[in-house]
Amino acid sequence: MNEYDSNRIYDLSKKLNYIKTDNVEDTDCYVLNTCHIREKATEKVYHDIGRVKKEFRNKKKPIVIVTGCVAQAEGEVLLEKEKYIDAVIGPQSYHLLEKIIKNIEKKFKKINITEFDVIDKFDNLNLIKNSSTNISSFLTIQEGCDKFCKFCVVPYTRGPEFSRSINELLNECIDLANNGAKEITLLGQNVNAFNYCGIKLSDLIYEISKIKNIQRIRYTTSHPIDFSKDLIDAHANIKKLMPLIHLPVQSGSNKILNKMNRKHTVEYYIDLIRKLKKVNPLTRFSSDFIIGYPGETDQDFEDSLHLLNEIEFINSFSFIYSSRAGTPAAKLEQVDENIAKKRLVIFQKRANEIKMRYRKKLFNKPAKVLFENKAKDNNKYFGRDEYFNSVIVKSDQNLIGQIKEVKILNGNQNTLFGEMKQKIKNKEFAA
Ligand code: SAH
Ligand code: SF4
């Protein structure tokens, strides 16, 4: 979502004739868009600004703006601690960027805007075309969260759940398709809680699937509790909907899930996966796990390992629990840091083995790859298969924007390497 926001911040700044630069030393305005989900985010802000300060020691100071969830959470403190910052803008206020930059240019006082005015934000953003020209583009459809998992800052930094209107979403999607997008990833902190006047995520996906140029649709991140029957059915009925579902579970222990306020059990989660597999047996899953949540015993950790083995996630993102000020879990007794670290190593080793076992099964098999870009200095093309696996192939033909059938030759944890196949027999696909 930060990538979507950064693109939109750029769209807004273009109105003031700013253009993107890769060189920090050239910049007139430096916008640092931040994430606050785990610790060290705030330190990173000070560190990055320190770097800019050093670079501009003997030059005219650029405008420095901190946006995103660190800005939301720290607000005034950032401005007081780091005088080099001109403005802090929360994630629901960045539509005011134009005014803010104008004010800073006129040397008005420091600015702190951390209101939750999501309606106003999207009303303003709708007036400006989304200029993303990526083959695979993001579209924020929903923001905020009402779930209040006890470890998580999102309800406090992004605010309450809000769904954008179907009309503005379809218009933005058509713009993206006209710009060349072939794949749309619908974004939301709780994307499957999307509900605009009774129109649900599945309805939106049906509508988007009618846009001719859009060939693939994904969505992230879902909460297990919001996975309604209509969305499960959408996976059976909409061919453009990709068969990888990111479904964070956080823990394999009911005791820990309860302490986290996750609102579902392990059994419910497994049953949901069973239902999704039933409507499409080719569906695969990825997940997020928190390791070392307060109160996690060896047995609770074993339960998480057990779930990891049982579902065979093709990607598992695991993080040591990070205490966030202001969240209820911050007051609980923490698991010993060394124990948590040891558990994380064990967990990630196991997750990687499962991932590699899955990947090896892809070798010498065909895959459908949507190509997104080309390496600068050779004829290697980068794309993704239906399961979002990165694939690289060599080709003399320009593949960008096309879905091609590729034979996967080999690969590692991060990338699969393939070769172009002129014709792949259906029989081979079925295998
Ligand atoms: N809304 C999504 C996740 C959003 S946050 C959901 O409910 O699943 C993305 C991921 O960051 C979470 O899935 C969780 O695994 C991780 N995360 C969030 N807060 C965390 C914390 N305090 N410590 C460690 N990981 C955290
Ligand atoms: Fe955070 Fe997701 Fe829980 Fe909401 S549902 S509080 S975003 S982890």
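Scroll up for the structure.
Predicted, not measured: the structure shown is a model, and the values here were computed from it.

### Here we look at the side chain of R324
Along the chain, the position of R324 falls in the loop between β14 (315–320) and α14 (337–360). The side chain of R324 is buried and forms no salt bridge, while E39, the nearest opposite charge, is found at 5.7 Å. Polar side-chain contacts of R324 include one of 3.0 Å to the backbone oxygen of H36. There is a polar contact of 3.3 Å between the side chain of R324 and the backbone oxygen of R38. If we skip the residues at most four places from it in the chain, R324 touches H36, I37, R38, E39, F151, V153 and A330.

### Things to note about the sheet that holds strand β13 (residues 284–291)
The sheet built from three strands is open, its strands ordered β12-β13-β14 with parallel pairing. Edge positions in the sheet fall to β12 (244–246) and β14, since each of these pairs with one other strand and no more. Across the sheet, the axes of successive neighbouring strands diverge by a mean angle of 15 degrees, strand direction being ignored. Here β12 pairs with β13 via three bridges, running parallel. Residue pairing across strands places L244 opposite R284, the latter belonging to β13. Sheet contacts for α14: β13 and β14; angle to β14, the most-contacted strand, approximately 175 degrees.

### A few points about the site of ligand 1
Taken together, 16 residues surround ligand 1, and among them Q189, Q250, R262, D288 and S322 come closest. At 2.7 Å from an oxygen atom of ligand 1 is found a side-chain nitrogen or oxygen belonging to Q250. Contact with the protein chains removes 90% of the 540 Å² of surface that ligand 1 exposes when unbound.

### Notes on a negative patch on the surface
A cluster of acidic residues, E25, D26, D28 and E105, forms a negative patch at the surface. Relative to the assigned elements, D28 resides in the loop between α1 (2–14) and β1 (29–34).

Criteria and thresholds
- Residues numbered from 1 in each chain as written.
- Chains lettered and ligands numbered in written order.
- Predicted model: local features only at pLDDT ≥ 70, side-chain atom pairs only at ≥ 80, totals over all residues.
- Heavy atoms only, no water.
- Helix = DSSP H or I, 4+ residues; strand = E, 2+ residues; numbered from the N terminus.
- Buried < 20%, exposed > 50% of the residue type's maximum accessible area, 1.4 Å probe, protein only.
- Lys, Arg positive; Asp, Glu negative; His and termini not counted.
- Salt bridge = Lys/Arg side-chain N within 4 Å of Asp/Glu carboxyl O.
- Polar contact = N/O pair within 3.5 Å; in protein donor to acceptor, adjacent residues only side chain to side chain.
- Contact = heavy atoms within 4.5 Å.
- Pairing = 2+ DSSP bridges.
- Axes fitted to C-alpha atoms, helices over the stretch in contact; angles between N-to-C directions.
- Near = heavy atom within 4 Å.
- Areas by Shrake-Rupley, 256 points an atom, 1.4 Å probe, with all protein chains shown as cover.
- Patch = residues over 30% accessible without salt bridge, like charges linked within 9 Å, V, L, I, M, F, W, Y side chains within 5 Å.
- Charge placed at Lys NZ, Arg CZ, Asp CG, Glu CD.

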